[in-house]
Amino acid sequence: MSHSLHIVDVFAEKPLTGNQLAVVFDADDLSDQAMGRIAQEMNFSDTTFVGSVPEPDGAYRVRIFTPSKEIAFAGHPILGTASIIRDHIVSDKSRPVRLNLAVGQVSVTFEPVADGRDVAWFDSPPVELGPTCAPGRIAEALQLAPSDVETKTPIQQFSAGVSAILVPLRNLEALKKSRLDLEAFAPLAGEGFSPLVYLFCTETHHPENDLCARFFFVAHGVREDPATGNAAAFLGHYLLEHRFFSATDLFLRIEQGYEINRPSLVLLRAREVGNSREVRIGGSVVPVAQGKLL
């Protein structure tokens, strides 16, 4: 069976920015090992594999692989895959695209914006709040001084299929000089903390944006993600949980990827609704290439 292949940039304002994603269709005949090898060949943060036909509930089965393993939930693969399905597979482009992931079903909607592009949005799945960490301990693992860490809100792990630690920093200088040292992180890993670390601060490269972020993860060594939708979903819950801003109905622009020359823009909506929270992550998807896997 042949497999069509699409490459898109997600959370991108123009081509060759944002977070790269490879989407492989008609993947029913591919083994887990084959999917892993293809993802390693692509060498992007993530590659997705889509079934040939919708499942009985009308949603598309999607599996997400990094270059080193399969994961249950990631933001830019959700938006990028749904956008390609909408553009190339479904006939009714006015309806949401539903994806069946290991973490559960996620629905993606599309919102026109002023410049003629669409912004794709997904709702955060249920998120579990995890343990907190002392500033000095995480600072050492990030090659920072304890004074670089913002202490008005805690350092905390969040989970939804995958886990990540959210670390507020005092300024852009601290964000720029941070590095994840796995040897220094090892004691935290031994306590159950995930070596996926999302750093953010309120100082930004561009004044129209609200936060600047970086995300380090492990895949054949430490890598940096240009834009991270799942961590932004965790951030929405974090900001509301700890009243980081005074408002409880937020619309934020998060810049990421500048340190690795992949500038990205992640949109975040988060609000309190009674005793629950609604968190949505949005961004633009820019097609880059399409063809077939040989």
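Scroll up a little and you will see the structure.
So, a few notes on the structure that sits alongside this text.

Reading the values: rules and limits
- Residues numbered from 1 in each chain as written.
- Predicted model: local features only at pLDDT ≥ 70, side-chain atom pairs only at ≥ 80, totals over all residues.
- Heavy atoms only, no water.
- Helix = DSSP H or I, 4+ residues; strand = E, 2+ residues; numbered from the N terminus.
- Buried < 20%, exposed > 50% of the residue type's maximum accessible area, 1.4 Å probe, protein only.
- Contact = heavy atoms within 4.5 Å.
- Areas by Shrake-Rupley, 256 points an atom, 1.4 Å probe, with all protein chains shown as cover.
- Lys, Arg positive; Asp, Glu negative; His and termini not counted.
- Charge placed at Lys NZ, Arg CZ, Asp CG, Glu CD.
- Phe/Tyr/Trp six-rings, centres within 6.5 Å; stacked < 30°, edge-to-face > 60°.
- Lys NZ or Arg CZ within 6 Å of the ring centre and 35° of its normal.
- Polar contact = N/O pair within 3.5 Å; in protein donor to acceptor, adjacent residues only side chain to side chain.
- Disulfide = S-S within 2.5 Å.

1. Brief notes about the overall build of the protein
Then, number 1: Per the secondary structure count, the protein includes 6 helices and 18 strands.
Then, number 2: Considering the protein as a whole, with its 294 residues, one finds that 54% of them fall into the buried category.
Then, number 3: Within the protein, counting contacts between residues at least 6 apart in sequence, those at least 24 apart form 62% of the total.
Then, number 4: Looking at the protein as shown, the accessible area adds up to about 12,500 Å², and 49% of this sits on carbon and sulfur atoms.
Then, number 5: Charge separation in the protein, taken as the distance between the mean sites of 26 positive and 36 negative side-chain charges, equals 2 Å.

2. Some remarks on unusual backbone geometry
Then, number 1: Located in the positive-phi region is glutamine 143, a residue other than glycine, with phi close to 60 degrees.
Then, number 2: Its place among the elements puts glutamine 143 in the loop between helix H3 (135-141) and strand S10 (155-160).
Then, number 3: The phi dihedral of arginine 243 falls on the positive side, at around 50 degrees, and the residue is not glycine.
Then, number 4: Counting through the fold element by element, arginine 243 comes out in the loop between helix H6 (229-241) and strand S15 (249-256).
Then, number 5: Since its relative accessible area comes to 45%, arginine 243 is described here as partly exposed.

3. Some points on the environment of lysine 292
Then, number 1: Inspection of the secondary structure puts lysine 292 in strand S18 (residues 285-293).
Then, number 2: Between the C-alpha atoms of lysine 292 and aspartate 32, which are 260 residues apart in sequence, the distance is 19 Å.
Then, number 3: With residues near it in sequence (within four places) discarded, lysine 292 still touches Ser2, His3, Ser4 and Leu5.

4. With respect to the packing of aromatic side chains
Then, number 1: One pass over the full model with this rule turns up 10 aromatic pairs.
Then, number 2: A cation over an aromatic ring shows up here: arginine 269 above the ring of tryptophan 121, its NZ or CZ 4.1 Å from the ring centre.

5. Let's talk about the environment of arginine 271
Then, number 1: Residue placement: arginine 271 occurs in strand S16 (residues 264-273).
Then, number 2: Each C-alpha atom, one on arginine 271 and one on valine 90, is 31 Å from the other, the two residues being 181 residues apart in sequence.
Then, number 3: Excluding residues within four positions of it along the chain, arginine 271 makes contact with Leu240, Thr248, Asp249, Ser276, Arg277 and Glu278.
Then, number 4: Looking at arginine 271, its side chain comes within polar contact range of the side chain of glutamate 278, at 2.9 Å.

6. So, the side chain of aspartate 148
Then, number 1: For aspartate 148, the position within the fold is in the loop between H3 and S10.
Then, number 2: One polar contact links aspartate 148 to lysine 177, side chain to side chain, over a distance of 3.4 Å.
Then, number 3: The contacts of aspartate 148, once residues within four sequence positions are left out, are Leu169, Arg170, Ala174 and Lys177.

7. Here's the deal with helix H5 (residues 182-190)
Then, number 1: Capping of H5 at its N-terminal end is provided by aspartate 181; its side-chain oxygen lies 3.0 Å from the backbone amide nitrogen of glutamate 183.
Then, number 2: Two residues or fewer past H5, glycine 192 is found with a positive phi of approximately 100 degrees.

8. A word on the state of the cysteines
Then, number 1: Applying the stated criterion across every chain yields a total of 0 disulfides.
Then, number 2: A disulfide-free cysteine, cysteine 133 has its sulfur positioned 19 Å from the sulfur of cysteine 201, the nearest such atom.
Then, number 3: Classification of cysteine 133 by relative accessible area gives buried; the value is 8%.
Then, number 4: Unpaired in terms of disulfides, cysteine 212 finds its nearest cysteine sulfur in cysteine 201, a separation of 5.4 Å.
Then, number 5: The exposure class assigned to cysteine 212 is buried, which follows from its relative accessible area of 0%.

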